[in-house]
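Read off the chains here:
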Amino acid sequence: MGMSGYVMDIEEAFWGTVSKIIKESEHVNEAMTRAVDLSKPMVPYMSVSDIEDGVSEMWNDFWSEHQQ
């Protein structure tokens, strides 16, 4: 596995954990804060704005599926 494969695996694990955080959070801001905190040791090269954008999109997707 090359370096890019390793990075992709780390990012996949990060976003998988963020998905669990979203399910456990009561508000999108809580999920964003927890995801940003998690990113520091896992994916320190990702920007806060990219993480917050990702969380916001995942939050909307999750709750749009569970509102009906």
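Please refer to the structure placed before this passage.
The present account deals with the structure reproduced in this document. (Residues numbered from 1 in each chain as written. Predicted model: local features only at pLDDT ≥ 70, side-chain atom pairs only at ≥ 80, totals over all residues. Heavy atoms only, no water.)

**With respect to the overall build of the protein chain**
(1) Moving on: Broken down by element type, the protein chain carries three helices and zero strands.
(2) Moving on: When the helices and strands of the protein chain are placed in sequence order, the string is α-α-α.
(3) Moving on: Viewed in the frame of its principal axes, the protein chain has a C-alpha envelope of about 45 × 20 × 15 Å.
(4) Moving on: Counting every position in the protein chain, which comprises 68 residues, the buried fraction comes to 28%.
(5) Moving on: Sequence-distant contacts in the protein chain: of pairs separated by 6 or more residues, those separated by 24 or more amount to 62%.
(6) Moving on: For the protein chain, the exposed area adds up to about 4,700 Å²; of that, 52% sits on carbon and sulfur atoms.
(7) Moving on: Counting 4 positive and 13 negative side-chain charges, the protein chain places the averaged centre of each group 8 Å from the other. (Helix = DSSP H or I, 4+ residues; strand = E, 2+ residues; numbered from the N terminus. Buried < 20%, exposed > 50% of the residue type's maximum accessible area, 1.4 Å probe, protein only. Contact = heavy atoms within 4.5 Å. Areas by Shrake-Rupley, 256 points an atom, 1.4 Å probe, with all protein chains shown as cover. Lys, Arg positive; Asp, Glu negative; His and termini not counted. Charge placed at Lys NZ, Arg CZ, Asp CG, Glu CD.)

**Some thoughts on the pattern of salt bridges**
Two side chains that carry opposite charge are able to pair once their charged atoms sit near each other.
(1) Moving on: Applying the stated rule across the entire model yields two salt bridges.
(2) Moving on: With a closest N to O distance of 3.2 Å, Glu24 and Arg34 form a salt bridge. Here Glu24 is found in helix H1 (residues 3-24), whereas its partner Arg34 is found in helix H2 (residues 28-42), with 10 residues between them in sequence.
(3) Moving on: The exposed category is assigned to Glu24, whose relative accessible area is 52%.
(4) Moving on: According to the relative accessible area criterion, Arg34 is partly exposed, its value standing at 32%. (Salt bridge = Lys/Arg side-chain N within 4 Å of Asp/Glu carboxyl O.)

**Some words on the packing of aromatic side chains**
(1) Moving on: This structure, assessed with the given rule, holds three aromatic pairs.
(2) Moving on: Arranged with centres 5.7 Å apart and planes meeting at 55°, the rings of Trp59 and Trp63 form a pair that is tilted. Placement of the pair is Trp59 and Trp63 together in helix H3 (residues 48-66), with a separation of four residues, close to one helical turn.
(3) Moving on: Residue Trp59 is classed as buried on the basis of its relative accessible area, which comes to 12%.
(4) Moving on: Judged by relative accessible area, Trp63 falls into the partly exposed class, the value being 32%.
(5) Moving on: Here Phe62 and Trp63 contribute two aromatic rings whose centre-to-centre distance is 4.9 Å and whose plane-to-plane angle is 85°, an arrangement assigned as edge-to-face.
(6) Moving on: For Phe62, a relative accessible area of 16% translates into the label buried.
(7) Moving on: Counting every residue linked through ring pairs, the aromatic cluster contains Trp59, Phe62 and Trp63. (Phe/Tyr/Trp six-rings, centres within 6.5 Å; stacked < 30°, edge-to-face > 60°.)

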